[in-house]
Structure formats: C-alpha cells, structure tokens
Amino acid sequence: MAGSRLSQHWRNAGETDNLAELSKLDEDIILEELKARYKKNHIYTYVGDILISINPFKELPIYRKQISHRYRSGKDLKDSPHIYAIAGHVYRCMLGEGDISSQTDQCIVISGESGAGKTESTKLVVKQIIELCNGNTQLEQQILQVNPLLEAFGNAKTVINFNSSRFGKYIQILFNNGKVIGAKISEYLLEKSRVVHQNGGDANFHIFSYMLNGCTPEQKKLYELKKQKDYRYTKGGKSTEQNLSGKFEELQNSMDLVGFSEQEQEDLLFILSGVLAIGNINFAARVDSDGVGVTYPDDLELAAQLFGIQDEELEGCLTHVTNSARGERIQRNFNKHQAEDARDAVAKVIYGRLFSWIVNKINQRLSPPQRSAQQKEIGILDIFGFENFALNSFEQACINLANEHLQFFFNEHIFCLEQEEYKSEGIKWAHISYCDNQPLLDLYLKRPIGILALLDEESHFPQATDSTLVHKLNSNLKGYSCYKSHKSVGMPCFTIKHYAGEVTYNVTSWLEKNRDTVPPTLISILKHSSNSLLRTIFQGTITRTGTLALQNRTRKSIHSPDIVRQELTKKPAIPTNTKKFTVGTQFKNSLQELIKHMSQAEPHFVRCLKPNNSQEADKFDDNYVLSQLSYTGMLQTVQIRRDGYAFRPLISDFVGTYKMLLFNGDVPIDGETCKQILRRAELTDWHIGQTKVFLKYEHGERLADQLLAMSKAVTVLQAVARGFLARCYVRKRKKVSQQQKQYVEAFIQSISSHCEKFLGEQRELKQQEEEQRAEASRREKREQARRSAIEASERAAAEKAAAERAAAERAAAERAAAERAAAERAAERSAAEKQATSDRLTTTKVAEENEANIALRPTPARRPNRPPKPSRLSAHADASSGLTANQEKRVSKPSEFPAPLIPELPPQLPEPPTSPTSPTRYPPARTASISRKIYSESRKKSFAAKFSKFGEGLTDEDEVLEDDFSAARQVDGQTNSYGPAGSKQASIEWFRASQLAKVWDSGNRAPYEWFHGTIPRGKAEKILSIKDIGAFMIRLSERRLGYVLSFRAENRCRNYMVELTPSNKYVVVGESKAHKTLLDLVTYYQKNALSNWNGLLTVACGQADPSQPDYLELLPTPNIDSAHYLKQPQASNGQPSAPPPLPRKLNPKVKEPTRYINYKE
C-alpha cells in the first residue's frame, strides 16, 4: 500500500499532504507543492512526522472550535496537516497511546525566522493540548493566559515582525494521568537594551504602549503618566496595534486570572512609570566643580517618587561613584556620557528584574503541589528566530547562537543519531549528507579560544575598547572558515557564516552589554524602597543562567497575615558564591540547560517559514522560501523521512504489543517472530536489526489500525458469547423460578386452609367470652345500684343529725359571748375611774413641790439643747440603704423593669449590688434606666458603624490585603479563619464578613434578584426547570468559599463555579474573563456567550417564595422578620438604608459572656 501511495506522482500539485510520499524528489518539486498549497490556504504540510507551517499573514478560518474537536479524536498524522494534529499526536505519545513505548516526556521544537509565526503556533499548541485534557479547573485557563501576559512584557515591534519575541521561553506543561496539574516557564536572554534604545523602525516593549494608551485618567494621574512622545524611551517607535486600550484591559485580565494581586499590579505600574520617568533625566556639566548634575530636578524627583526612594540617593548613584581605599572614601564624578550610561543601566536592570519576577510569579502560581515520577510533561520551545538586520549587535549574536544550537539539535535527531543507529544495528543504508554546524558552535563556545570566552576575557580589563576586542577576535579566530574579519577602520565589526547565511556584527558596546554593570549603590538603595515589589525583586540573586532567584518571595493575599509578616521581616539569604557571571556566560549556561532538558524528552519538530520578507498576505517569494528550505536542511529531511525508518521499537516491545496479530499468546521473543507479525500485517520495506525493528513512520499507524480492528472483533465476539451465556443463564433461572413458584403456591394454600380453620375456632371462643363478659357486667351493675341506694339513705340521716348538733352549739356560744362582753365593759369603766382619780392627785402634789424648790434655789447657767440620740439600729439601717420602702420593693423585683430596647440585652436584669459603706448615687430604678441608656447609645453607634460599611460610597480599601478571597489557608487540615474547611458555617461566615455588600441592591434595599442562598443543586435545578431557557441564578456555594452560576439550558440545567482571584475579581471557572463585581459578571454573560454554551443569560430567577427568601440565614440576624430585609426603612437623608449590621464572629467552642448593666455609671 505504501508503494501505491508513493507511485501517485501523477496527481495535481498541492494535493500532497506529506512531502515524504513524493516519488520524485528535488528542490523544484518541493517548492511547487508548497506554493500550490499556500495559494489554496493550505499552510500546513507534513514531511514525515515533521510539520512545515507557512505564515499566511492573514486570518484563516481553520482554528475554530469545530476544527479543534475534529482533531481531538483524529488518527494523528493521517488527518489533514494541522498544528492541532501535532498537538494531539504529542499528547497521545505522552500518554503512551497508539505506541508500544511507555509514557515518556515530550517536547515540541518550534523554529524559524523572526516573523515566521512561532509565537502564534506556540499559543495554538498550548490551546489544543488544554482542550485535549478535558480539564474543568481554573488552572487550564491560567496556563492559556501566560502567553499574552509574557508577550506584553517581552515582545516588541521590529522592522521584520510586528510582534517579535525579544526573549526565549520554554513552556513545560505537567500532567498526571492525562490531566494538567501545573506548568513552568523558563526564560532566556531578554533584550533589556530595547528599554533604553531602539533601532530605526523598531519600538519599545508592548507594555509601554498598552499602559500609556490604556490607563484611565485616574490611573494616569496616579502614575504621573504623560504622552508617548514625551518620553525618551518611547518616542522613537510607534506600535502598530489598533486597540491599545483594549490590549491593556486584556493584560489586566490575564494578570487577574494568573493570580497577581491588586497591590502587585499597582506596584508594577509604578515601577514601569518610574522606568519611563528616569529616561527623561538629563545631565549637564557643573559650573562650580567637576562632574555633572541633573538639569531638571523635577524629572529626578518624579522618578525617585515612583520608585519609592529619595531623590538625593538616586542622583548620587547616577552622577558619581564612591570607592574605599586604605580606609579613605574617594568619590569619582561621572562625565555626561557616564551619567547617561548609569541612567540607562538603572532602567535596564529594573525592567530585567521585573520581567524575571513576572516569570517567577507565574511559576509560583502554576506549580503543582508536589512532583513525582508518575508525572509527565510536554515542553514547547518558542525562542527568537534567526535575525539579520542592517545593524546587528550583541543581542543578534546571542539570538543566532541559540538558533545554531537548535539546528544542531535538529540535525542530531534527524540525521546523525538516526544514521548511526542504522549502522550499529546492521541495516543497509546509503548515507545522506547534511550541513553539520558543529564548527560554528565551536567558534562561539570553545574555550579558551571562542567568541564568548574572548569577550569575557576582554570584559575583565577596564581599559578594553571595542577596537581591542575586534583585534583579539581577528587574531585568534582567523583559522575558522566560517569567520571573516573586516579591515575597515571606521566601524569595528566581523562576519560569521551561519547556517542561514552570512551576518555582519558591529561590536560597538559589546563589552558594556556583556558586563551589564549597574551603579554600585543602586542595589542597596532599591532594597529599601517603599515599593514592596521593588524591594522584593532586588532581594533576590541572579543565577548562573541569568534568572532571578527569590529567597524571600512576598506572597501577598495567599497566606495568613502571620506568614506574610514572617517572610517580609526575614533577612535575605547571602549567596555563598559571589561570582558575577557575564551576560554571555549566563546565556551559554541557559542554552546548555535547555538542550540537556530537551534531550531527555522525545522531540517533535515544527518548521515555520515566511512566504516573503515584506509580511504581505497571498505573496509567495520562491527564492526567499527556497533559501529557508535550503539552510534549514528540509530537502535532506524530506529524503531521510522518505527513505528512513522513523519507527524503531525494541524487539521485545514489538512482540509484546503485536503478538495478538498471530492469534498466539505464547511465542518466542526474537526476530523471527517479528517477521511473522509483519508478514501477517502485509507490510513491506522493513528491516529487523540486532535489537530493534525498523519501520516506516506509516507502519506504526497501520499496525495500530489492525490492532484496533482486532480489538473491535474481539469485542463483538465477547458480546456474542456473553449474550449466549446470559440467555442460557436466564433460561435456567426461569425454570428454577417456575419450580419455586409452584412450591410457594402449594405452601401458601396449605397455610391458608390452616389459618381459616384456626380463625373460625378463635371467632367462636371470642363470641363465648363476650357473652360471659356481658352477663357479668349486668350483675355487677344491679349490685352497684343496690349499694348506692343504701349509702344515700345513710348519708341523709347523718347529715340531719349533724345539722341539729351544730345549731345547738351555735346558740350556746352566742350566749356565752354576750355575757363575757358585758363583764368586760363593766371592768373597764371601773378601772378608768380609778386611774383618773389617781392622776389628778399626783399632778397636784408634783406641782406644789416644784413651786417650793424653785423659790429656795438660785438660777443656773443655761445649756444648749441636744437632739435626741438615734438608736444604733436605725442609724445602721439609714446608712446601709438610704431607700424608701417603696424603692426597696422595686429593686427586689427586677422583673418589673421595662423590657429592654436592644435584642442582645437580657430580658431579666439581676438585682443591683449594695454596699454597707457607700450608698448608691441614684435610686436603683433610675440607675438601671441610665445604664440602659448608655448601653443603648453605644450599641447604636456600633450598629451605625457597621451599617455604614454597606451604604453608599462603599470601597474595598478596608479589606485585608493579605487575603486573596480564595480558599483560606487551613489550620491542621480542619478549620480556616471562617470555620471548619468545606463546611456550610465557613461559607456563611465568609459571606457575612466580605461578600454581603457585593450582592446588596441598595435601590431595592435587598439582595439582587438573581442572588440565592446556600440552596442545594437539586433545589436550584427544580426552581429553574419551570423557567425559560437562559434563566439564571447565582447561589452561595456550601462547600467552598465562592459561588455557583446555575442557569437553564436547552435540555438541562447547568452549574458553573465562580471563584475569586487574588485581585478580588470574579471569574467563572474555565472562562477567560475576570470581572470586578458579580453584577458585572451577570451583565457580561447577558451579552456574551459562555465558552461551551451558545446561549445567553436572560432573566434573573427570583425567589420561589418571596415571603421566605432562601438567603435569610446569610443575613446577620436571621431571627428578625424577613420584611425587615425586604422593606428597609428610609434613612434620615432620604437614601435607602444599608443592610443589617454584621455580628461579631462566634466561636462555637466558647460560651458567650453574660451581659450586665453597669450600676456604677
């Protein structure tokens, strides 16, 4: 079959999906096929298992969701060529599907010139891999947002590419059982010099254009932003983007989704504004002394203010350097050129470290909880393409070195290793020659005589210049055929013959760029900046590969406040190795690590080509495309993929996987068995080596198809056999069931007859017993009536006798009482007369004696009158109480106090304490009233303060910065700051503490109509089932700190989780848009469809019973009537009042203290 496919040379040009199927092979035929396909908008073509992609420079309808689904279950490389097919093939190889090898790490190398479409291809690969995972967490969406985020800070416009990557990145997506569990980004050689200088036609990094054109007027005022033309660093280039404000919003959305907090985003914009501001600082020579000073102090103050440092410190590190020698401090002033270099160095080092921090933050947010051997990864390399400008500098030399490394990696896997394996396995093979670029790598990397080694050596000499560097290169590298020196005196340069062509490099400023020196005092100054992000990025150290290592990451809004404070106050670790690597050495080390990492995975290659150099659509430049095919070795690649054996499994693995094609599970593991399997599969053009089987790339697919067909046949046979056995079993069970039925029926009939007989006897006995009981009852009634008549007559006689005796006794008592009363009255009269007579006599006698004594004695001195001395008992009573009897009675009965005015006040007050030494200031009744008034006023103030939190003008500035409003950190795995983790209590407390105001509709003085409480999913779907399609609600999640969006779709109800990002934005899990409020989220999806549903949200689903809303338990005092919430009274200013106040958090394990009135007030 392969031969018939290869013989189809008669078909029209452009119909060949795979160039390895061509029977005749030369440059003209390959070019003709690619050109014909390009004109048909078929931009993808296979070369065996290698994909060629030609940039169309226009939008094509080949990336829609329907196309993505088509390649999700496709037959890998048998489908039409597409980047999605490569992504699916790599994903299945990682899982070990369709191949006899076990699960292995994979990597995709996307290479090509600048502007060939590498970045877009990377985004499409990542997107398709995420689709294949069928993940439903926010992690997948975070990974998708990484590329646009890094593009904003690391891409820029050049003369040959509107969106050129000015750094390299290697994306590692981590999997466990086919599901994404994390990701990691590695960065390579950010072109920091672009921050301060751009060549003609180039622009600065995209982020500056996005920020200057996308910030709101309030933000521009906050960050002191001007127009783009007013900054030295941005006025030279102009971005080609049309919707810059929209791009800035997309960038902020990406940062929200990835996990950047609001404070981090604000600090980041301050730093970027400071980078722009420091570029406007100008210098002039001082008149009174040597050195230079700042021309306009306002520019210096603005830059220092944005960086959060003192302007004197910034000016000092820009205008002079201080050295210590023999205990003396010597200040060396800069000239104007040196000051400008120092200024630019500050901007570059700050931006470079900021970019590294962004990558570090992304890795921190996307890293899996832990790594294990079972986890696999897919790596995608998107690195800068080969560049050849009119003026090529140090950055182009490093970029082209990286491309030489990738070309060497490609040659090793496609040509060198494959042909060596043919030779070692004894396979007859005609050697295919290819362009080996090992000598050029030696030119760059060999020590001690190599371009980078000589550059480092010259960088250590303070007096070295560009001319001395060129002289050293020319004298040491003249023996290399790929190196060419220039004898021109005006410009220090040299030429290198790369695999993609000759490039002339200008070595001006190479020494400064390689040293990458910064003012000595700058690091220490920025470590004490008031900007927390700036402090963080300068507390880290630069690794040997040029990345930023942060010993003390500031993880705001993630941990508890104690953890954050501990990390902030922790002293930065001092690196043991203080050696400073040059930029060239760092880049060399990073490339070595990259190649080492990719060599441990199974590589797949995507070659991106440019149809023309003018970036025009529908234009195919034959010579330009042919040059790319030539220097990338694609012609040789087509030949080795057509004639070679890309599928090379071990004999043991091959037999173990495909022995079922022989219908014999017990076969020897040797080459003869492999031949039998291949003949049974009707395959040709294969070889059996010493340890491996050598097959064409399409042989693996044909074997997999036969295994699939056999598997389907086995499935059919199993179904038939199982059906037959099941029917036999059913017949047997039916027979047994019939027998059991007959036995049961007979048994039941026998039981029934015995029961009827027994019941008849029981009925007769019962009837006899009832008759006997009736007769006994009648006799008992007659006897009882007789006894009652006798007892009645006896009672009547006794009552009559008792009445007669009582009457006689009353009469006798009355007579005796009358006699006693008469005798007493007579005795009283007689005693009164005797007493009156005695009193008269005594009075008369005393008066006579007094008169006689007065006449005989002299008159004494007069003494003052004394009040009568009170008794000790009465004095003690007055001192201890001081209360009237009525007052004491009121105090002794506290229940008589009026009812309290506050719900929290106890309904019954305790008795007031009394003191024997100090009387109370007020009577008890007034004391209680005053204390209650004071208590009530304080509670009213507290209520007013809490009410104001939900009223007009509410902001989020009062919320704790260290809390990200996601799942709170657990303590001992059981509780969080709101209660037990995953409990309804935690959700309610979280809602009351931070979310109540977010769902409160101040106009209606109630929660929004679409808001519901912690109702279960079944109840929500029941409410929505009777609504129209698109009806929706947002309900509080019961098991997690978040919400659930539930809505009615065409055939069922759907439920999507809603989470909060660390920046306090709301996002539907799996969606790519973050929203400031829940109301914004609802409004957005009423106008825009969700990613996996074509409809829109329409009508808010209200309460099933408006009189008893399901959110009552979420409100602070649920015992109050629901009308209290649904119909709030108007405030004094006419505005709707706020929702009820929040209560203090209660610990269920701590008993509430009893409240008492303070009687001492």
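Residues numbered from 1 in each chain as written. Predicted model: local features only at pLDDT ≥ 70, side-chain atom pairs only at ≥ 80, totals over all residues. Heavy atoms only, no water.

Draft legend 1. Structural view of the overall build of the chain. Per the secondary structure count, the chain includes 35 helices and 30 strands. Scored against the burial criterion, the 1161 residues of the chain give a buried share of 45%. Excluding contacts between residues fewer than 6 apart, the proportion of contacts in the chain whose partners are at least 24 apart in sequence is 65%. (Helix = DSSP H or I, 4+ residues; strand = E, 2+ residues; numbered from the N terminus. Buried < 20%, exposed > 50% of the residue type's maximum accessible area, 1.4 Å probe, protein only. Contact = heavy atoms within 4.5 Å.)

Draft legend 2. Quick peek at the packing of aromatic side chains. Per the counting criterion, the structure on display carries 28 aromatic pairs. Relative to Y499, the ring of F386 has its centre 5.9 Å away and its plane inclined at 65 degrees; by these criteria the two rings are edge-to-face. One end of the pair, F386, is in the loop between β12 (376–382) and α15 (394–424); the other, Y499, is in the loop between β14 (493–498) and β15 (501–506), and 113 residues separate them in sequence. On the basis of relative accessible area, Y499 is assigned to the buried category, the value being 14%. (Phe/Tyr/Trp six-rings, centres within 6.5 Å; stacked < 30°, edge-to-face > 60°.)

Draft legend 3. Main features of the packing of helix α17 (residues 451–459) against helix α18 (residues 466–477). α18 packs onto α17 with a crossing angle of 140 degrees between their chain directions and a minimal axis gap of 10 Å. By the angle class used here, α17 and α18 are oblique. In this structure, α17 crosses over α18, and the sense of that crossing is right-handed. Counted together, I451, L454, L455, E457 and E458 of α17 and T468, L469, K472, L473, N476 and L477 of α18 form the full contact between these two elements. Here the residues of the contact of α17 with α18 sort into six nonpolar, two polar and three charged. (Axes fitted to C-alpha atoms, helices over the stretch in contact; angles between N-to-C directions. Parallel < 35°, antiparallel > 145°, perpendicular 65-115°, else oblique. Left-handed = near helix turned anticlockwise from the far one by under 90°. Nonpolar A, V, L, I, M, F, W, Y, C, P; charged D, E, K, R; others polar.)

Draft legend 4. Here's a closer look at helix α10 (residues 244–258). Here α10 contains 15 residues, and its C-alpha end-to-end distance of 21 Å stays within 8% of the 21 Å for a straight helix at 1.5 Å per residue. Of the residues making up α10, those classed as buried are L244, G246, F248, L251, N253, S254, M255, D256, L257 and V258. Following α10 by one or two positions, G259 has its phi on the positive side, about 125 degrees. (Expected span 1.5 Å × (residues − 1).)

Draft legend 5. Structural detail: the sheet that holds strand β13 (residues 483–485). Pairing in this open sheet of three strands is antiparallel, and the strands run β13-β14-β15 from one edge to the other. Both edges of this open sheet fall to β13 and β15, since each of them pairs with a single strand only. Between one strand axis and the next, the sheet turns through 25 degrees on average, direction left out of account. Here three bridges tie β13 to β14, and the two strands are oriented antiparallel to one another. Residue pairing in the sheet places K484 in a bridge with T495 of β14. The strands that α18 touches are β13 and β14; relative to β13, the one it contacts most, it runs at about 130 degrees. (Pairing = 2+ DSSP bridges.)

Draft legend 6. A look at the state of the cysteines. In the structure shown here, the tally under the stated rule is zero disulfides. Distance from the sulfur of C1101, which forms no disulfide, to the nearest cysteine sulfur (C1053) is 9.2 Å. (Disulfide = S-S within 2.5 Å.)

Draft legend 7. Looking closely at the sheet that holds β12. Spatially, β1-β2-β18-β3-β12-β6-β7 is the arrangement adopted by the seven strands of the open sheet, whose pairing is mixed. Two strands in the sheet have a free side with no partner beyond their single neighbour: β1 (44–47) and β7 (179–188). Here the average twist between neighbouring strands, direction ignored, is 20 degrees. Where strand β3 (residues 106–112) and β12 come together, five bridges link them in parallel fashion. If you follow C107 over to β12, its bridge partner there is G379. Along the sheet face, helix α5 (residues 118–133) touches β1, β2 (50–54), β3, β6 (168–176), β7, β12 and β18 (602–609) and points at about 160 degrees away from the line of β12.

Draft legend 8. Examining the environment of S433 more closely. Topologically, S433 is positioned in the loop between α15 and α16 (438–445). Classification of S433 by relative accessible area gives exposed; the value is 55%. The spacing of S433 and F415 is 18 residues in sequence and 8.4 Å in space, taken between C-alpha atoms.

Draft legend 9. Fine view of helix α24 (residues 622–631). For α24, the complete set of buried residues consists of Y624, V625, Q628, L629 and Y631. For α24, the N-terminal capping position is held by D621, with its side-chain oxygen 3.3 Å away from the main-chain nitrogen of N623. Directly beyond the C-terminal end of α24, a positive phi value near 75 degrees is found at G633. (Polar contact = N/O pair within 3.5 Å; in protein donor to acceptor, adjacent residues only side chain to side chain.)

Draft legend 10. Local environment of the confidence of the model for the chain. Within the chain, residue pLDDT values average 79, and 79% of them lie at 70 or more. Ranking the elements of the chain by mean pLDDT puts helix α1 (residues 2–6) last, at 35, and helix α11 (residues 262–278) first, at 95. Under a pLDDT of 50 for its full length, residues 552–578 has, in the predicted model, 42 contacts with residues more than four places off or in other chains. Considering only residues more than four positions removed or in separate chains, one finds that residues 859–975, a stretch of pLDDT under 50, has 123 contacts. (pLDDT = per-residue confidence, 0-100.)

Draft legend 11. Up close: unusual backbone geometry. Along the chain, R447 connects to P448 via a cis peptide bond; the corresponding omega equals 5 degrees. Structurally, P448 is set in the loop between α16 and α17. Within the chain, R1005 stands out as a residue other than glycine whose phi angle is a positive 55 degrees. Within the secondary structure, R1005 is located in the loop between β23 (1000–1001) and β24 (1006–1007).

Draft legend 12. Local environment of the pairing of β12. Summarising burial for β12: seven of the seven residues are buried, a large majority. The alternating pattern of β12 places K376, I378, I380 and D382 and E377, G379 and L381 on opposite faces, both of which are buried. Of the strand pairs in this sheet, β6 and β12 are connected by seven bridges, and their pairing is antiparallel. The residue bridging Q172 from the neighbouring strand is G379, located in β12.

Draft legend 13. Main features of the pattern of salt bridges. Inspection of the entire model under this criterion finds 29 salt bridges. A salt bridge links D382 to K169; its shortest N-O distance comes to 2.7 Å. Taken together, the residues D382 in strand β12 and K169 in strand β6 connect sequence positions 213 residues apart. You can call D382 buried: its relative accessible area is 1%. For K169, a relative accessible area of 2% corresponds to the buried category. Between D516 and K192 there is a salt bridge, with its nearest N and O atoms 2.7 Å apart. A residue pair is termed long-range when its members are at least 10 positions apart, and D516 in the loop between α19 (510–515) and α20 (522–526) and K192 in the loop between β7 and α8 (206–214) qualify at 324 residues. Classification of D516 as partly exposed rests on a relative accessible area of 22%. (Salt bridge = Lys/Arg side-chain N within 4 Å of Asp/Glu carboxyl O.)

Draft legend 14. Broad picture of the pairing of β15. As paired strands, β14 and β15 are joined by six bridges and run antiparallel to one another. Considered in β15, the bridge of I496 is made with V503. The antiparallel pairing of β14 with β15 creates a hairpin that spans two residues between the two strands.

Draft legend 15. Representation of a negative patch on the surface within the structure. Taken together, the side chains of D298, E301, E312 and E313 make up a negatively charged region of the molecular surface. Secondary-structure elements contributing two or more residues to the negative patch are α12 (297–307) and α13 (311–319). Tracing the backbone through its elements, the reader meets E313 in helix α13. (Patch = residues over 30% accessible without salt bridge, like charges linked within 9 Å, V, L, I, M, F, W, Y side chains within 5 Å. Areas by Shrake-Rupley, 256 points an atom, 1.4 Å probe, with all protein chains shown as cover. Lys, Arg positive; Asp, Glu negative; His and termini not counted. Charge placed at Lys NZ, Arg CZ, Asp CG, Glu CD.)

Draft legend 16. Structural detail: the packing of helix α7 (residues 146–154) against α10. Put simply, α7 and α10 touch, their axes get as near as 9 Å, and they point 125 degrees apart. In terms of orientation, α7 lies oblique with respect to α10. Seen along the crossing, α7 lies across α10 with a hand that is left-handed. For the pair α7 and α10, the contacting residues are P148, L149, A152 and F153 in the first and L251, S254, M255 and V258 in the second. Residues of the contact of α7 with α10, tallied by class, amount to seven nonpolar, one polar and no charged.

Draft legend 17. Region of the structure containing the environment of Y1111. With respect to the element layout, Y1111 can be found in the loop between α34 (1078–1085) and α35 (1123–1126). For Y1111 and P1007, which are 104 residues apart along the polypeptide, the C-alpha to C-alpha distance reads 8.7 Å.

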